[in-house]
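# Commentary on secondary and tertiary structure
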Amino acid sequence: MRVDPRKLQELQSFMEALEPGGGPRSAFFRRAAKGLDRSGGCLVVMDASFNPMTVAHEAMLNRASESCKADEALLMLSHANVDKPVYGASLAQRLAMLDHYAEPYPNVSVVGCSHARFVDKATALRPLYPESTGLHFVVGYDTLLRIFDPRYYSNFQDELAALFHGAHIIAANRDNIDPEALNRLSKGPEFAAYSDKIRFIRLNNAYSRISSTEVRALRKTGAAVGHLVPSRIADAIAALDLYRA
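Quick caveat: nothing in here was measured; it's all calculated off a predicted structure.

Parameters at a glance
Residues numbered from 1 in each chain as written. Predicted model: local features only at pLDDT ≥ 70, side-chain atom pairs only at ≥ 80, totals over all residues. Heavy atoms only, no water. Phe/Tyr/Trp six-rings, centres within 6.5 Å; stacked < 30°, edge-to-face > 60°. Helix = DSSP H or I, 4+ residues; strand = E, 2+ residues; numbered from the N terminus. Buried < 20%, exposed > 50% of the residue type's maximum accessible area, 1.4 Å probe, protein only. Polar contact = N/O pair within 3.5 Å; in protein donor to acceptor, adjacent residues only side chain to side chain. Contact = heavy atoms within 4.5 Å.

The next subject is the packing of aromatic side chains. Evaluated as defined, the whole model comprises nine aromatic pairs. Aromatic side chains Phe28 and Tyr129 sit 5.6 Å apart centroid to centroid with 65° between the ring planes, which places their arrangement in the edge-to-face category. Note that Phe28 is positioned in strand E1 (residues 26-30) and Tyr129 in the loop between helix H4 (118-125) and strand E5 (134-140), a separation of 101 residues in sequence. Classification of Phe28 by relative accessible area gives partly exposed; the value is 22%. Overall, Tyr129 belongs to the buried group, its relative accessible area being 6%. Centroid distance Phe164 to Tyr194: 4.7 Å. Interplanar angle 15°. Geometry classified as stacked. Of the two residues, Phe164 is situated in the loop between helix H6 (156-163) and strand E6 (167-172) and Tyr194 in the loop between helix H8 (189-193) and strand E7 (198-201); the sequence distance between them amounts to 30 residues.

Checked against the element boundaries, Arg219 lands in helix H10 (residues 212-221). A polar side-chain atom of Arg219 sits 2.9 Å from the main-chain carbonyl oxygen of Leu242. Leaving out residues up to four positions away in the same chain, Arg219 has contacts with Val225, Ile237, Asp241, Leu242, Tyr243 and Arg244.

The structure is reproduced here in structure tokens:
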């Protein structure tokens, strides 16, 4: 990967234009050459902080795409995050990594989004795709808990209903999940109301334990991280000289 300062400035400007003022907005940075082009198709969406993308993210995306026979996979980077400030790689650098990763895949798009909550992401995405596109957000169990947490809503019932109107959740196991919290969630009335919109996939332990935090920590010590990230992400990390001490 070649680092072009002008390209990084373009990436920075792209993300700055998506500051979360006003209504939810999203925009393509890379549009899949052979993406979804029909009404009623299936779009798998992975929204994460991607600091950086790991092989666990990749495994989740692939498994989710297989499970619903997706027409297109979408990597979404949001300007805002409900729980995390921006640290490590800048938003421009994260977008550069995602763009480099997606380049050889004709059915993978990269989108920027203004807002952090999934109900807002769904609203922002719908104008970009044909009518009746099925949105399938692939998340970890920890994110699934947040989706059903009233703290993140101003009107919990109405906004949850708006999210699941045309959207589905595909949840993958993560090693750091609290089993008791997940058990409480599964018994709640809100979860039961939308259980037909939620699908679970299982990653093996080799993937479920991998985290972006581990990648950053290893890079800080100078250790190799090629086994934890896709090869094109490793190339981008090296080219951008990220996560060094």
